[in-house]
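Reading the structure
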Amino acid sequence: MGILEGRNGSDDGVYKVRSGKEKAEDFGRVFSWNGNTILEKWKGDPCNRLNGTDGIIYQPFITEDTVLQAFVPDICRSLTFKFDKETQQNGIYCLRFRVDKETLHGIDKNPDNWCFCHSENMTHCNVNGIISVASCFEGAPLFMSNPHFYGGDPILQENVIGLKPDFEKHVGYFDLHPMSGASLQVRQRMQFNIELTPWIAMPTFADASYAMVPVLWVEEGGDLDSFTRTMLKLLDIGIKIWKIGKWFWMFFLIIVAVGGIIILKQRKKSQVELLGPRPEDDDISEREEKDGPPPDYIPYD
């Protein structure tokens, strides 16, 4: 059995992904992998689905509440990621996501993992911190975990010497630009382990203690190129200018509207004054009352 057999300098296969034309959150979602829209590795359809993207591109408009998924061909399944913290990469604001803890839980804590269980006896799949990938490696008793069994049950570390779990060193992550969904930095970390159990048929292992023995752990990573980082910085600057500018224009429009109302009121008042009685008409009325009607005035019967 070769854990990374055929992986030297090779690609992950042929993906067909959605464009996100109708729904932005569908951008980059895997539709098929190597011509298959569903896998035939696990016990049930929920585990065989190609959920999420290819782990390189993600949907735009990401928030802290966004739940992301990515298909990982190395282990023939999808993983779920949730927000961890805000951070920066080269001065660019981004959101850091890590594998959801429930993804590595046993079926007693996460019943949705039932179809990933390699054993017919479901109680064998109640250990937290490891997931079986036997179906991806032709039935070999292989399990995946965080390096040094970080976050796993204590039993995983009891029979292995030299483990020093460290959150920053042994838990993978990726930093995303929230507006575009671009990955600024990616660190994928996983450990492959072999299940060791007593085996009477071989005297050497007849009295062996149960252990999950680490075989190797792998870290894959990447950083966004300088040109794209510059483009993202310009995008962020444009957004900041728009946020500031929209308040300026709103204030400007309010001033124009208030000024227009004041001018209209002044014009209306001026028109009323112009249309009022003339001073000379008042003098004529006063004279008529004092001297009586003019001589040629003839009353009408």
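Presented here is an overview of the structure given in this document. Residue indices follow the written sequence of each chain, beginning from 1 at its first position. For a predicted model such as this one, the threshold for reporting local features is a pLDDT of at least 70, and the threshold for listing and counting side-chain atom pairs is 80 or more; totals across whole chains, interfaces and linings nevertheless cover every residue. Values reported for side chains reflect all heavy atoms of the structure, with hydrogen atoms and water molecules removed beforehand.

Quick look at the state of the cysteines now. Any cysteine sulfur atom paired with another within 2.5 Å is treated as part of a disulfide. According to the stated counting rule, one finds three disulfides in the structure shown. Through a disulfide, Cys47 is tied to Cys115; the S-S separation comes to 1.7 Å. Its S-S torsion of about 75 degrees marks the bond between Cys47 and Cys115 as right-handed, since a negative value means left-handed. Residue Cys47 is located in helix α1 (residues 45-48), and its partner Cys115 is located in the loop between β5 (92-99) and β6 (130-132); the two are separated by 68 residues in the primary sequence. Any residue under 20% of the maximum accessible area for its type is buried, any over 50% is exposed, and the rest in between are partly exposed; the area is computed with a 1.4 Å probe on protein chains only. On the basis of relative accessibility, which here comes to 2%, the residue Cys47 falls in the buried class. A helix here means a DSSP run of H or I that spans at least four residues, while a strand means a run of E at least two residues long, and both kinds are numbered starting from the N terminus.

Attention shifts here to the layout of surface pockets. The space that makes up the largest pocket amounts to roughly 1,100 Å³. Lining residues are those with an atom within 4 Å of a point, where the points come from a 1 Å grid over the protein atoms alone and group into cavities, where a 1.4 Å probe fits but cannot get out, or pockets, open sets with protein on both sides within 12 Å along at least five of seven lines. Forming the walls of the largest pocket are 46 residues, and the residues nearest its centre are Phe81, Val99, Phe174, Arg187 and Gln188. Where the lining of the largest pocket is concerned, the elements lending two or more residues are β3 (68-72), β4 (77-89), β5, β7 (142-145), β8 (173-176), β9 (183-196) and β10 (211-223). Take the lining of the largest pocket: its biggest share by element is eight residues, from β9. All amino acids are sorted into three groups, where Ala, Val, Leu, Ile, Met, Phe, Trp, Tyr, Cys and Pro are nonpolar, Asp, Glu, Lys and Arg are charged, and the leftover types, Gly among them, are polar. Here the residues of the lining of the largest pocket are counted per class, giving 21 nonpolar, 12 polar and 13 charged. Grid points are joined across faces, edges and corners, and a volume is the space filled by probe spheres set on the points.

Backbone geometry at Asn34 places phi at a positive 55 degrees, although glycine is not the residue there. Along the chain, the position of Asn34 falls in the loop between β2 (30-33) and α1.

Now for the packing of aromatic side chains. Any pair of aromatic rings gets described here by the distance separating the centres and the angle formed by the planes. Pairing of aromatic rings covers Phe, Tyr and the six-membered ring of Trp, with a centre-to-centre limit of 6.5 Å; geometry is then stacked below 30 degrees between planes, edge-to-face above 60, and tilted otherwise. Taken as a whole and judged by the stated rule, the model has eight aromatic pairs. Between the aromatic rings of Tyr58 and Phe174, the centroid separation amounts to 4.9 Å while the plane-to-plane angle is 10 degrees, which identifies the pairing as stacked. Residue Tyr58 is found in the loop between α1 and β3, and its partner Phe174 is found in strand β8; the two are separated by 116 residues along the sequence. No difference in accessibility class separates Tyr58 from Phe174, as the two residues are buried. Here Phe137 and Phe192 contribute two aromatic rings whose centre-to-centre distance is 6.1 Å and whose plane-to-plane angle is 75 degrees, an arrangement assigned as edge-to-face. With Phe137 in the loop between β6 and β7 and Phe192 in strand β9, the pair connects residues that are 55 residues apart, well separated along the chain. The exposure class of Phe192 is buried, given its relative accessible area of 2%. Arg77 extends its terminal NZ or CZ atom over the ring of Phe116, reaching a point 3.7 Å from the ring centre. By the criterion adopted, a ring carries a charge over it if an Arg CZ or a Lys NZ lies within 6 Å of its centre and within 35 degrees of its normal.

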